[in-house]
Amino acid sequence: MDGGIVTTEIPQRVDVGIVGGGIIGLAVAHELAERGREVVILDDGARPGNATHASAGMIAPVAEADVELPGLCEFRQWSHQLYPEFVARVEERAGVDCSLRRDGTLLVALDRDHAAELERLRDIMRDQGFEPQPLGVKDVLDMEPGLSARVVGGLLLEQDDHIDQRVFMQALRIAVERGRGRVFDDVVVERVAPDGVVQGHHTRGDGRFELECEQVVVAAGSWSNVGLDSPGAELPLRPVRGQVVRLHAPALLRRVVRTPDVYMVPHAAGELVLGASVEEQGFDAQPTAGAVFDLLRHAWRALPGIYDLPLKEISVGFRPVSRDHLPVIGRLQGRVCVATGHFRNGILLAPGTARLLGQLLCDAVQHALLGHFEPQRFAQPVEKTTNG
Ligand code: GLY
């Protein structure tokens, strides 16, 4: 019904209301539905800048191991270990092949600066317990014959995987809906109260809704502060813009290839994803010529064959980043939990985040990792009002 009011569709009560239908919200919903909870996902599907939609789908505990923060390395590796089983359960429930690819990342150097950067990254990876395999020029070109003759060396990061995250999102949604879940992607949440009442309106028509939740999980990425209702609840979150280019590219690369300047991710559907800019531009969702030019130039230096490929899409995603660059996962207040701040690792950390919240909400178990990520670390003392 175009423009119709569909308030009656959203139930009045639910076990768990999930604000946000990106990879984190969907993964948490799936975990909770599998554990027998009735879940409702509330999302504004029309809002530009969904980080999961823009993402390239890398599951890269090694290639993105360049930041060492408390608990994060352990969380990345744990979530990575959970991935194959998590995807298998989603595939089984949804009947969809999610194309999880387990063929590693090839990190290549195209000049001496790149080679020095690969040495630096290799030291960090080894400190984190990984053993990247050094490759000579011939090895690299044998593995990826489309790469440029500029290649001066490389590293094979065997543990990294990738997935077509748009297919995965669809599969998660089907799995949630086949379980005890419903997904509404035409709603704007205006208020999330500590007592679990969520209020908002539909984007089509002017219908309003009010949903009483036993528990609420706010997993709305960079928008996770919207509607959090109570003094001191605001999280220090900001969007970090990533611009991504998609090309039609049947079989130009066999696996994920990165240089220090760009990553190139081949998806089974015949597209090559080039990413990504990292920009502090607030919620400006306008793609820019400069960022797209840089991505294409860096990718072309590594893979000259992209020059003739048809351009498919330019997308913008807002990666959610907290003040200390760690995820924000756990109980915020009352019946409200949050799961956000995954920055560059949203796809990788989805199964781990789902597991942490499943344990917290269904078993009342506080996993040790939550000690690093709990939202209360940012709590501001509430100012007392005085009379006169
Ligand atoms: N994880 C890739 C990116 O954030 O660009």
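Residues numbered from 1 in each chain as written. Predicted model: local features only at pLDDT ≥ 70, side-chain atom pairs only at ≥ 80, totals over all residues. Heavy atoms only, no water.

Caption draft 1: Structural context of the pairing of strand β15 (residues 271–275). Among the 5 residues of β15, 5 are classified as buried, and the element is accordingly described as predominantly covered. Along β15, one buried face is formed by Glu271, Val273 and Gly275 and the opposite face, lined by Leu272 and Leu274, is buried too. As paired strands, strand β12 (residues 237–248) and β15 are joined by 4 bridges and run antiparallel to one another. When the sheet's bridge partners are listed, valine 245 is paired in β15 with leucine 274. Bridge count for strand β14 (residues 263–267) against β15 is 5 bridges, and the pairing is antiparallel. The residue of β15 that forms the bridge with valine 265 is valine 273. What sits between the antiparallel neighbours β14 and β15 is a turn of 3 residues, in which glycine 270 has the positive phi angle 85 degrees. (Buried < 20%, exposed > 50% of the residue type's maximum accessible area, 1.4 Å probe, protein only. Helix = DSSP H or I, 4+ residues; strand = E, 2+ residues; numbered from the N terminus. Pairing = 2+ DSSP bridges.)

Caption draft 2: Region of interest: the side chain of histidine 267. In this structure, histidine 267 sits in strand β14. Under the relative-accessibility criterion, histidine 267 is labelled buried at 6%. Aside from chain neighbours lying at most four places away, what touches histidine 267 is Ala56, His162, Ile163, Asp164, Gln165, Arg246 and Val273. (Contact = heavy atoms within 4.5 Å.)

Caption draft 3: Main features of the site of the ligand. Neighbouring the ligand are Met58, Glu64, Tyr263, Ala276, Arg319 and Arg344. A distance of 2.5 Å separates an oxygen atom of the ligand from a polar atom in the side chain of tyrosine 263. The contact in question runs from an oxygen atom of the ligand to an N or O atom on the side chain of arginine 319, over 2.7 Å. Out of a free accessible area of 200 Å², the ligand has 87% covered by protein chains. Here the shell around the ligand is built from residues that sort into 3 nonpolar, no polar and 3 charged. (Near = heavy atom within 4 Å. Polar contact = N/O pair within 3.5 Å; in protein donor to acceptor, adjacent residues only side chain to side chain. Areas by Shrake-Rupley, 256 points an atom, 1.4 Å probe, with all protein chains shown as cover. Nonpolar A, V, L, I, M, F, W, Y, C, P; charged D, E, K, R; others polar.)

Caption draft 4: Spotlight on the layout of surface pockets. Taken as a whole, the second largest pocket encloses approximately 540 Å³ of empty space. Residue lining of the second largest pocket: 34 residues in total, with Glu64, Asp66, Arg258, Val278 and Arg344 positioned closest to the centre. When contributions to the lining of the second largest pocket are tallied by element, the ones reaching two or more residues are α3 (72–94), α4 (112–127) and α7 (289–302). The residue inventory of the lining of the second largest pocket, partitioned by class, reads 17 nonpolar, 8 polar and 9 charged. (1 Å grid on protein atoms, 1.4 Å probe; cavity = no way out; pocket = protein on both sides within 12 Å on 5 of 7 lines; lining within 4 Å. Points joined across faces, edges and corners; volume = space filled by probe spheres on them.)

Caption draft 5: Representation of the side chain of arginine 76 in the model. By the secondary structure assignment, arginine 76 is in helix α3. Within the structure, the side chain of arginine 76 is placed 3.1 Å from the side chain of asparagine 345, a separation counted as a polar contact.

Caption draft 6: Representation of the environment of leucine 247. Note on placement: leucine 247 falls in strand β12. Each C-alpha atom of the pair leucine 247 and isoleucine 314 lies 9.0 Å from the other, and the pair is 67 residues apart in sequence. For leucine 247, the residues in contact, after removing those within four places along its chain, are Gly270, Glu271, Leu272, Leu274, Leu296, Ile306, Leu309, Pro310, Leu311 and Lys312.

Caption draft 7: Representation of the packing of helix α1 (residues 23–34) against helix α6 (residues 165–178). At their nearest, the axes of α1 and α6 sit 9 Å apart, and the two run at 35 degrees to each other. Here α1 runs over α6; the crossing is left-handed. Packed against α1, whose contacting residues are Ile23, Leu26, Ala27, Ala29 and His30, the element α6 presents Phe168, Met169, Leu172, Arg173, Ala175 and Val176 at the interface. Class assignment of the residues belonging to the contact of α1 with α6 gives a composition of 9 nonpolar, 1 polar and 1 charged. (Axes fitted to C-alpha atoms, helices over the stretch in contact; angles between N-to-C directions. Left-handed = near helix turned anticlockwise from the far one by under 90°.)

Caption draft 8: Representation of the pattern of salt bridges within the structure. Applying the stated criterion across every chain, the model contains 30 salt bridges. Where arginine 120 meets glutamate 117, a salt bridge forms, and the shortest distance between an N and an O atom there is 3.0 Å. Remark: glutamate 117 and arginine 120 occur in helix α4; sequence separation between them is 3 residues, near one turn of the helix. Glutamate 117 sits in the partly exposed class, given a relative accessible area of 25%. (Salt bridge = Lys/Arg side-chain N within 4 Å of Asp/Glu carboxyl O.)

Caption draft 9: Summary view of α1. Across its 12 residues, α1 extends 16 Å between first and last C-alpha, which sits within 8% of the 16 Å expected from 1.5 Å per residue. Buried residues dominate α1, accounting for 11 of its 12 residues. Those residues of α1 that fall on the buried side of the exposure criterion are Ile23, Ile24, Gly25, Leu26, Ala27, Val28, Ala29, His30, Glu31, Leu32 and Ala33. Phi turns positive one or two residues past the end of α1, at glycine 36, with a value near 90 degrees. (Expected span 1.5 Å × (residues − 1).)

Such coordinate-based values are descriptive only and should not be taken to indicate function.
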